[in-house]
Amino acid sequence: MPSPLHAFGSTHIKKPYEGRINGHKRKRFKLQTRELPKAPGVYFFYGQNERLLYVGKAKCLRERVRSYFADTSLPRPNKIKRLLVEIERMEVQQVGSELEALLLERRLIAERQPILNRQHKRFDVYPYLLLSDEAFPRLTITRAEPVEGEQDSETRAILREAAEGMKRDSRPLETPRAGEVSGRYLGPFTTPRHAYWALEAVVKLFPLRLCEDKIEVDPNGRGCFYRELGRCSGPCIGQTSREDYQKICDDLVHLLQTGSAPQIEQLKARMDRYAEDWKFEEAQRIKLELEAIDLVAARLRRLERMRQQNNAVIAQPGLATENGPTTALFLVRGGAVRRHLVIGNSPEEWRLGRAVIKEVFEPHEDVAHYTAKTELDEMMIIDRWLRSHGDEPCVVWMGAENKANRQWLSNATRQLRNSMVTGI
């Protein structure tokens, strides 16, 4: 019988890359790095036939790119060895700030699919738990993409005015919002297996219906097989009212978003009773169920936190133009960048920037809780950046939950402009 470790690939040993590095080529690239700017940006490594090998970001382009061609006796990863063997040409694209480099790298990897990049490269449609929009909702697994919503005429007019007045970058970094969909998406999960684990963990605790037929309540009917097993609350035979069934759905969503629900407390109490009666096997089984549910809800809680708390305007240096220095504004709402503006220091451009900020952050009905793959990657990048730089003057929090730090729009734009003028 094969070892379990061997079955899961734990004993697999990677073979070293046997390509030979050309010393003259590496010396040539090392000399070229002296001409690179000491500024943040994105770099590109190309192989034969202009095949894109790798895209990376850097806080300092000269130092980062030079590190690939430095003389060292330390062992290099196979990816770097292959890169040094196959590289024929390199390019750099300078940007205004490290944050812009992070977001630009993510988008370019998704668009151009470099050979040696792994992160942000896979563009699968992640599976979700979908709570259907019905009188008695079903909980299923889906990969379907929702339809993207359209902007109203007023929004388009303001954004068009901002684009004309501020000469926006031709390749914006913002992520489009997902529109209203028929149902509530809970996720995403990285693999279908994780989604099935999540479904199996919660259906034992929340007896939602599993049948696909349209519900017609028949009090004199007969319960299905799942009802006999206690896996369904029996709405089709009138054993659960619509209000009680909706309460079960609300508890399920609350559990996945916060980690707490009345059903969890009942399960913990039952586990304690089993332990007091020395029924340790039953207590252990419930403990494993609780651990599985907590593991399922952990990532969804983080997503919900980012949606609720990460609402801010971030001011970063932009590329200098003929008319002087510029400022890049990243408008983050719901955890992702909704608008990316590049403006100068004139009062007129800041007035237009204020109009766009007002449009993005003014109260409006929230869209369905759906997170696309591209938006999820961006939310993770923004969340890590805000955790490190969120208390700096170049960040103005706009979220309603941060009432103590909330700024009126005029004060927000004034603070951002002052922070960029003073070079903070």
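This text follows the structure it describes.
Anyway, here's the lowdown on the structure attached to this text. All values derive from a computational prediction rather than experimental measurement. (Residues numbered from 1 in each chain as written. Predicted model: local features only at pLDDT ≥ 70, side-chain atom pairs only at ≥ 80, totals over all residues. Heavy atoms only, no water.)

1. Considerations on empty space enclosed by the protein
Within this structure, the stated rule accounts for one cavity of 30 Å³ or more. Elements supplying a minimum of two residues to the lining of the largest cavity: strand E6 (184-186), helix H9 (242-258) and helix H11 (280-309). Considering each element in turn, the lining of the largest cavity owes the most residues, four residues, to H11. Looking at the lining of the largest cavity, its residues break down into five nonpolar, three polar and two charged. (1 Å grid on protein atoms, 1.4 Å probe; cavity = no way out; pocket = protein on both sides within 12 Å on 5 of 7 lines; lining within 4 Å. Points joined across faces, edges and corners; volume = space filled by probe spheres on them. Helix = DSSP H or I, 4+ residues; strand = E, 2+ residues; numbered from the N terminus. Nonpolar A, V, L, I, M, F, W, Y, C, P; charged D, E, K, R; others polar.)

2. Overview of the sheet that holds strand E3 (residues 89-94)
With antiparallel pairing, the three strands of this open sheet are ordered in space as E2-E1-E3. For this open sheet the edge positions go to strand E2 (52-58) and E3, each flanked by a neighbour on one side alone. Across this sheet, the average inter-strand angle for adjacent strands is 15°, counted without regard to direction. Of the strand pairs in this sheet, strand E1 (residues 41-46) and E3 are connected by six bridges, and their pairing is antiparallel. Each residue of the ladder has a partner; that of Tyr 46, found in E3, is Arg 89. In the packing of helix H3 (residues 61-68) onto the sheet, contacts are made with E1, E2 and E3, and the angle to E1 comes to roughly 30°. (Pairing = 2+ DSSP bridges. Axes fitted to C-alpha atoms, helices over the stretch in contact; angles between N-to-C directions. Contact = heavy atoms within 4.5 Å.)

3. Digging into the nonpolar core
By size, the foremost hydrophobic cluster in this structure holds 44 residues, and its most contacted members are Leu 139, Phe 206, Leu 208, Leu 252 and Leu 256. Counting only elements with at least two residues in this core, the list comes to strand E4 (128-131), E6, helix H7 (192-203), H9, helix H10 (262-276), H11 and helix H13 (373-389). Considering every element that reaches this core, the biggest residue donor is H11, with nine residues. (Core = buried A, V, L, I, M, F, W, Y, C linked by side-chain atoms within 4.5 Å. Buried < 20%, exposed > 50% of the residue type's maximum accessible area, 1.4 Å probe, protein only.)

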